Amino acid sequence: MTGPAVVLITTFLASMVEAIEMVTIVLGVGATRGWRSTLIGVGAGFAVLAVVVAALGLALSQVPIGPLRLIVGALLLVFGLQWLRKGVRRVAAHGLAGVGMHPEDEPPEWNGVGFDWTAFVLAFKGVVLEGLEVAFIVVSFGANANQLPIAVVGGVGAVVITGGVGIVLQRFVTRIPRSFLQLVVGILLTTFGTFWALEGLGVDWPAGDGAILGLLVLYVLTAATYITIERRRAFGFEPAA
Amino acid sequence: MNRIVGWIVAFGRFWYHFIIGDDWTVAAAIAVGLILTAILNAAHIIAWWLVPLIVVVMTGLSLRRAGRKT
């Protein structure tokens, strides 16, 4: 039988990986689109999670997560690509001129009246998918080791601590110019979207979760290359003969 | 009745903008990429590279098209 400390550390670390993905999405969307609708999406996501976990309990591990990963991943991918393209165009046009500028001086990504469904849906999907993955980790580790309460502490602890770090980071993230933030969030959504959609299809990534870093590097380089090309096109720079 | 129709139209419009956005070709290429990846994966052919490649190529093509319009 596995010891309680091993179960606690394993579920905590495994859950933290998922919690970091969740907090990254919520933080990026909130800072770019506004916090009200984003936080309502987070609340709704946790409410759905609580109902699902309460209703299914240990049977949760029998739920096929593949289709959910595919749907959420594909939606994040196509939406993330829109922000990536917008971010490339804006940063190419204005550079990092917004750095140091007060965030209120920049036009917000969304300034409509009422409810921002885009922020809600993005935050909701991020919380539900990653929260379910944390619940799967807790149930599988906890049930297999016959240490479910310890595994619950590990999983919930990881989400609470990562969420706390996110709240601290939120102050700094909102100081980043919105055009640049949109590019960064676009890259992150495209990265997670690609990873989850293909995992949902049953594709084995080389290096497992480490492939997320590989995708991130690829998309950062892609964005940097296209920003250079767009700037050359916009300002008429020609490469030296 | 009109309110329900209006709500359905707004709901459809939201998802259209969420998925298709300003360039339908990108969403279509991603859909094709995912279908091809599923087919290749079922045939036990390594296919993780296909969607990232489509992302890189389609982003460039879409930016180029948008640049021509402006």
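These figures come from a predicted structure and were not determined experimentally. (Residues numbered from 1 in each chain as written. Chains lettered and ligands numbered in written order. Predicted model: local features only at pLDDT ≥ 70, side-chain atom pairs only at ≥ 80, totals over all residues.)

**Observations concerning the overall build of chain B**
1) Next: Helix and strand counts for chain B stand at 3 helices and 0 strands.
2) Next: For chain B, the sequential pattern of α-helices and β-strands runs α-α-α.
3) Next: Scaling as 2.2 N^0.38, a compact globule of 70 residues should have a C-alpha radius of gyration of about 11 Å, whereas chain B reaches 17 Å, well beyond that.
4) Next: Counting only C-alpha atoms and orienting by the principal axes, one finds that chain B spans roughly 50 × 35 × 10 Å.
5) Next: Considering chain B as a whole, with its 70 residues, one finds that 24% of them fall into the buried category. (Helix = DSSP H or I, 4+ residues; strand = E, 2+ residues; numbered from the N terminus. Rg over C-alpha atoms; globule rule 2.2 N^0.38 Å. Buried ≥ 20, exposed ≤ 12 C-beta atoms within 10 Å, placed from the backbone.)

**Overview of the environment of Glu133 of chain A**
1) Next: Along the polypeptide, Glu133 of chain A turns up in helix H4 (residues 117-144).
2) Next: Residues Glu133 of chain A and Ala224 of chain A, 91 residues apart in the sequence, show an inter-C-alpha distance of 32 Å.

**A closer look at the confidence of the model for chain A**
Interpretation of the predicted coordinates at a detailed level should be avoided for regions scoring low in pLDDT.
All names here are of chain A.
1) Next: Considering every residue of chain A, the mean pLDDT works out to 84; 89% of them sit at 70 or more.
2) Next: Per-element confidence in chain A is highest for helix H7 (residues 211-235), whose mean pLDDT is 92, and lowest for H4, whose mean pLDDT is 86.
3) Next: Predicted confidence for residues 99-104 stays below pLDDT 50, and this span has 6 contacts to residues more than four positions away or in other chains. (pLDDT = per-residue confidence, 0-100. Contact = placed C-beta atoms within 7 Å.)

**Some words on the interface of chain A and chain B**
1) Next: With 29 residues of chain A in contact, the opposing surface of chain B contributes 24 residues.
2) Next: Where the side of chain A that touches chain B is concerned, the elements lending two or more residues are helix H3 (66-94), H4, helix H6 (178-200) and H7 of chain A.
3) Next: It is H3 of chain A that provides the largest number of residues to the side of chain A that touches chain B, a total of 11 residues.
4) Next: Along the lines of polarity and charge, the residues of the side of chain A that touches chain B split into 19 nonpolar, 6 polar and 4 charged. (Nonpolar A, V, L, I, M, F, W, Y, C, P; charged D, E, K, R; others polar.)

**Notes on H4 of chain A**
An α-helix turns once per 3.6 residues; consequently, residues spaced three or four apart project the same way.
1) Next: An ideal rise of 1.5 Å per residue puts 40 Å on 28 residues; H4 of chain A measures up with 40 Å between its terminal C-alpha atoms.
2) Next: Trailing H4 of chain A by a residue or two, Asn146 of chain A shows a phi angle of about 60 degrees, which is positive. (Expected span 1.5 Å × (residues − 1).)

**Some details on the packing of H3 of chain A against helix H3 (residues 50-69) of chain B**
1) Next: For the pair H3 of chain A and H3 of chain B, the least separation of the axes is 11 Å and the interaxial angle reads 50 degrees. Taken together, H3 of chain A and H3 of chain B sit at an angle that is classed as oblique. The handedness of the crossing between H3 of chain A and H3 of chain B comes out as right-handed. Facing H3 of chain A, whose interface residues are Leu81, Leu84, Arg85, Val88 and Arg89 of chain A, H3 of chain B presents Val55, Thr59, Ser62, Leu63 and Ala66 of chain B.
2) Next: Residue classes in the contact of H3 of chain A with H3 of chain B are distributed as 6 nonpolar, 2 polar and 2 charged. (Axes fitted to C-alpha atoms, helices over the stretch in contact; angles between N-to-C directions. Parallel < 35°, antiparallel > 145°, perpendicular 65-115°, else oblique. Left-handed = near helix turned anticlockwise from the far one by under 90°.)

**Points about the packing of H3 of chain A against H7 of chain A**
Residues and elements named next belong to chain A.
1) Next: Closest axis-to-axis distance for the H3/H7 pair is 8 Å, and the angle between their directions is 50 degrees. Of the possible angle classes, the one that applies to H3 and H7 is oblique. For the pair H3 and H7, the crossing hand works out as right-handed. Residue-level inspection shows Leu84, Val88, Arg89, Val91, Ala92 and Ala93 of H3 in contact with H7, the latter providing Ala223, Tyr226, Ile227, Glu230, Arg231 and Ala234.
2) Next: Its residues placed into classes, the contact of H3 with H7 shows 9 nonpolar, no polar and 3 charged.

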